[in-house]
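# Coordinates in review
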Amino acid sequence: QVQLVESGGGLVQAGGSLRLSCAASGKIFSIDAMGWYRQASGNQRELVALTTAGGTTEYSDSVKGRFAIARDVNKNTVSLQMNSLKPEDTAVYYCFTESKTLRWSTFFRSWGQGTQVTVSS
């Protein structure tokens, strides 16, 4: 019921920058958290960054100071500006939302299809 479309992945050299974007659409009454996870080959999916409707932001220790998450509440979009990229940032990045379709319903998580980020050394 919620569709997430990501864009902005690609190949970049170490030290470079990329910006990921994600747009949510569908049956959405409200969104609480929006953010990004990533999954490197052979690893578990891990949280990169999130932002909540209340204004809280959270980053993994590995990206603090290098990545910045931003959200447009009116457009239901979230972006991730990634600077000073390192080869260990190479992964598939997944956008997620925690939203609900009705005022009285519960929040549920939706995922994007993933976008590949590759950082060469």
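All of these numbers come straight from a predicted model, not from anything done at the bench.

## Here's the deal with the overall build of the chain
Within the chain one finds zero helices and eleven strands. Across the chain, helices and strands are ordered from the amino to the carboxyl terminus as β-β-β-β-β-β-β-β-β-β-β. Over its C-alpha atoms the chain spans a radius of gyration of 14 Å, differing by no more than 12% from the 14 Å that the globule rule assigns to 121 residues. Taking the principal axes of the C-alpha coordinates as reference, the chain spans close to 50 × 25 × 25 Å. Split into buried and exposed, the 121 residues of the chain put 40% on the buried side. Expressed as a percentage of contacts within the chain between residues at least 6 apart in sequence, the contacts between residues at least 24 apart total 57%. Taken as a whole, the chain presents about 6,400 Å² of accessible surface, with 47% of it coming from carbon and sulfur. The positive charge centre, built from 12 side chains, and the negative charge centre, built from 9, are 6 Å apart in the chain.

## Observations concerning unusual backbone geometry
With phi around 55°, asparagine 76 is a residue other than glycine that occupies positive phi space. Relative to the helices and strands, asparagine 76 is located in the loop between strand 7 (67–72) and strand 8 (77–82). One non-glycine residue, serine 84, lies in the positive phi region at around 50°. Mapping serine 84 onto the fold places it in the loop between strand 8 and strand 9 (91–100).

## With respect to the nonpolar core
Among the nonpolar cores identified, the biggest contains 24 residues, and Trp36, Val48, Phe67, Leu80, Met82 and Tyr93 are the most heavily contacted of them. Taken together, the elements giving at least two residues each to this core come down to strand 1 (2–7), strand 3 (18–26), strand 4 (30–39), strand 5 (46–51), strand 7, strand 8, strand 9 and strand 11 (115–120). When residues in this core are grouped by element, the largest group, four residues, is from strand 3. By size, the runner-up hydrophobic cluster in this structure holds five residues, among which are Tyr37, Leu47, Leu50 and Phe96.

## Topic: the state of the cysteines
As enumerated under the stated definition, the model contains one disulfide in all. One disulfide bridge connects cysteine 22 with cysteine 95, the sulfur atoms lying 2.0 Å from each other. Note on the cysteine 22 and cysteine 95 pair: the S-S dihedral is about -80°, so by sign convention the disulfide is left-handed. Of the two residues, cysteine 22 sits in strand 3 while cysteine 95 sits in strand 9, which places them 73 residues apart along the sequence. Relative accessible area serves as the criterion here: at 0%, cysteine 95 is assigned to the buried category.

## Thoughts on the sheet that holds strand 1
The sheet built from four strands is open, its strands ordered 1-3-8-7 with antiparallel pairing. If you trace the sheet from one side to the other, it starts and ends with strand 1 and strand 7, each paired once. Geometrically, the sheet is characterised by an average inter-axis angle of 15° between neighbouring strands, direction not taken into account.

What counts and what doesn't
Residues numbered from 1 in each chain as written. Predicted model: local features only at pLDDT ≥ 70, side-chain atom pairs only at ≥ 80, totals over all residues. Heavy atoms only, no water. Helix = DSSP H or I, 4+ residues; strand = E, 2+ residues; numbered from the N terminus. Rg over C-alpha atoms; globule rule 2.2 N^0.38 Å. Buried < 20%, exposed > 50% of the residue type's maximum accessible area, 1.4 Å probe, protein only. Contact = heavy atoms within 4.5 Å. Areas by Shrake-Rupley, 256 points an atom, 1.4 Å probe, with all protein chains shown as cover. Lys, Arg positive; Asp, Glu negative; His and termini not counted. Charge placed at Lys NZ, Arg CZ, Asp CG, Glu CD. Core = buried A, V, L, I, M, F, W, Y, C linked by side-chain atoms within 4.5 Å. Disulfide = S-S within 2.5 Å. Pairing = 2+ DSSP bridges. Axes fitted to C-alpha atoms, helices over the stretch in contact; angles between N-to-C directions.

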